[in-house]
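Here is how the chains run, residue by residue.
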Amino acid sequence: MVIDLDPPRGFGSLQIGMPIEAAEQALRELPGFVPPAVGEVRNKGFAHYDSQLSISLDFDPRGVVRAIELFRPDENVQVTFRGLSLFEEPADVVISRLSEMFQLEIEDDGLNVMAPDVFIGLWRRTLPEISGDDDGRYFESALIAAPGYGA
C-alpha cells in the first residue's frame, strides 16, 4: 500500500478539516487496520495497522482534525510525499531532496525537520552514531497539518 501525503489536505479519504468521527471511520477502513484488543483503551483518533504503521490524529476542541501524524511502518506500506519515500529513504536523503524543493527548518541537527510552506514535519528520536548505524538513520514519524497548526 502507498500512502501519498498531500499537505495540508491529508491523504486518501482522510482529510484535515473533517470531523473526528468521520476521520476515525476513514482510519478503520485503511487496509490492515488492527482493532483494539478486548479491554484495550486507545486515544481518540489513534489507529494501528498490521504493518506496524500507526496514525494519530490531532483535533481541535470542536472535534475537527487539524493534523495527521504517521509513524514508520515495518513493512508493506510506503509513505510518500511528492514521489519521495519518507520512511524508506535515509533521513539525510529525505532532507537533501526536500531542501531542493522547499525552505526547511532543521532543529537539533536533523532530529526535527519542517517544511512550513507545505505544512509537513518529520521526526526521529536520535541521530546515527556511526556510519552504517540504522538507529536514527530513518525518520520515525511524519506530520501534516492545517495552516497555523502549532502557532
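### Focus on the sheet that holds strand β4 (residues 33-34)
Taken in spatial order, the eight strands of this open sheet run β4-β5-β6-β7-β13-β12-β11-β10, and their pairing is antiparallel. Of all the strands in the sheet, the pair left with one neighbour each is β4 and β10 (105-107). Here β10 pairs with strand β11 (residues 112-115) via three bridges, running antiparallel. Of the residues in β11, the one forming a bridge with glutamate 107 is asparagine 112. Contacting β4, β5 (46-49), β6 (54-59) and β7 (65-71), helix α1 (residues 20-29) runs over the sheet at an angle of about 175° to β6.

### Remarks on a negative patch on the surface
Taken together, the side chains of Glu105, Glu107, Asp108, Asp109 and Asp117 make up a negatively charged region of the molecular surface. Mapped onto the secondary structure, glutamate 105 falls in strand β10. We classify glutamate 105 as partly exposed; its relative accessible area is 41%.

Definitions and cut-offs
- Residues numbered from 1 in each chain as written.
- Predicted model: local features only at pLDDT ≥ 70, side-chain atom pairs only at ≥ 80, totals over all residues.
- Heavy atoms only, no water.
- Pairing = 2+ DSSP bridges.
- Helix = DSSP H or I, 4+ residues; strand = E, 2+ residues; numbered from the N terminus.
- Contact = heavy atoms within 4.5 Å.
- Axes fitted to C-alpha atoms, helices over the stretch in contact; angles between N-to-C directions.
- Patch = residues over 30% accessible without salt bridge, like charges linked within 9 Å, V, L, I, M, F, W, Y side chains within 5 Å.
- Areas by Shrake-Rupley, 256 points an atom, 1.4 Å probe, with all protein chains shown as cover.
- Salt bridge = Lys/Arg side-chain N within 4 Å of Asp/Glu carboxyl O.
- Lys, Arg positive; Asp, Glu negative; His and termini not counted.
- Charge placed at Lys NZ, Arg CZ, Asp CG, Glu CD.
- Buried < 20%, exposed > 50% of the residue type's maximum accessible area, 1.4 Å probe, protein only.

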